[in-house]
Amino acid sequence: DAGVTQSPTHLIKTRGQQVTLRCSPKSGHDTVSWYQQALGQGPQFIFQYYEEEERQRGNFPDRFSGHQFPNYSSELNVNALLLGDSALYLCASSLSGSSSYNEQFFGPGTRLTVL
Amino acid sequence: GNSVTQMEGPVTLSEEAFLTINCTYTATGYPSLFWYVQYPGEGLQLLLKATKADDKGSNKGFEATYRKETTSFHLEKGSVQVSDSAVYFCAPGGSNYKLTFGKGTLLTVNP
């Protein structure tokens, strides 16, 4: 059973550039959440996608946007990169409507470095 | 919104020692509670969960009990192993589905 996969593993960008990160959910899951984890900190919720729409959003600027495709995979886009955007970006998938409806399974993450 | 306060680390123990990592939370509504573990260079893995008051979650020798009256979900293990060395995160999950994480507790177990 394939778990949550993310690509790329690592990414280096310069300030002002744009980046796209990708996530494929665990088989059978329909909901994808994105988190940002700065070094030495806990993950912070960015947003969640369900049925191809953003269902909820955390306290992140509009530079952070996303998309969910009909096959439930998702992309996270960050525009006008800042040094402070350097972090591990984690994707998590879950199944809406299950008895453990907010149990989320995490991917290995994408390490983004902004120079 | 939800928030969580975790025991500050790092925590350093000898193998076979008893482990407790404290976690308290504030929440609107009635969240499920989770402990996640993060090994070096990896993503988060669900360690255990509890979905209602007095539920005890358990896995791999770890246990935590959902205490609504004290809004706590402390993690315990009777005998830690070197392989338990990792960062541990407590996370309430609200009815709005997102997980709220604390800063995490770094555990190092020495042989």
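Remember, it's a predicted structure, so these values are computed and weren't measured experimentally.

**Topic: the sheet that holds strand 5 (residues 32–38) of chain B**
All names here are of chain B.
No. 1: Reading across from one edge, 2-11-10-5-6 is the order of the 5 strands in this open sheet, with mixed pairing throughout. The strands lining the two open edges of the sheet, one partner per strand, are strand 2 (11–14) and strand 6 (44–50). Neighbour-to-neighbour, the strand axes of the sheet open up by a mean angle of 25°, direction not taken into account.
No. 2: The sheet contact formed by strand 10 (residues 86–93) and strand 11 (residues 105–110) spans 3 bridges and is antiparallel. Residue V87 lies in a different strand from strand 11, and its bridge partner there is L106.

**Topic: the state of the cysteines**
No. 1: Tallied over the entire structure, the rule returns 2 disulfides over all chains.
No. 2: What pairs with C23(A) in a disulfide is C91(A), and their sulfur atoms sit 1.8 Å apart. Taking the sign of the S-S torsion, -60° for the link of C23(A) and C91(A), the bridge is left-handed. You can see C23(A) sitting in strand 3 (residues 19–24) and its partner C91(A) sitting in strand 9 (residues 87–94), a full 68 residues away along the chain. The exposure classification of C23(A) matches that of C91(A), with both residues buried.
No. 3: Note that C23(B) is cross-linked by a disulfide to C90(B), the S-S spacing being 1.9 Å. Between C23(B) and C90(B), the S-S dihedral sits near -60°, and the bridge is therefore left-handed. Taken as a pair, C23(B) in strand 4 (residues 23–26) and C90(B) in strand 10 lie far apart in primary sequence, 67 residues in all.

Cut-offs applied
Residues numbered from 1 in each chain as written. Chains lettered and ligands numbered in written order. Predicted model: local features only at pLDDT ≥ 70, side-chain atom pairs only at ≥ 80, totals over all residues. Heavy atoms only, no water. Pairing = 2+ DSSP bridges. Helix = DSSP H or I, 4+ residues; strand = E, 2+ residues; numbered from the N terminus. Axes fitted to C-alpha atoms, helices over the stretch in contact; angles between N-to-C directions. Disulfide = S-S within 2.5 Å. Buried < 20%, exposed > 50% of the residue type's maximum accessible area, 1.4 Å probe, protein only.

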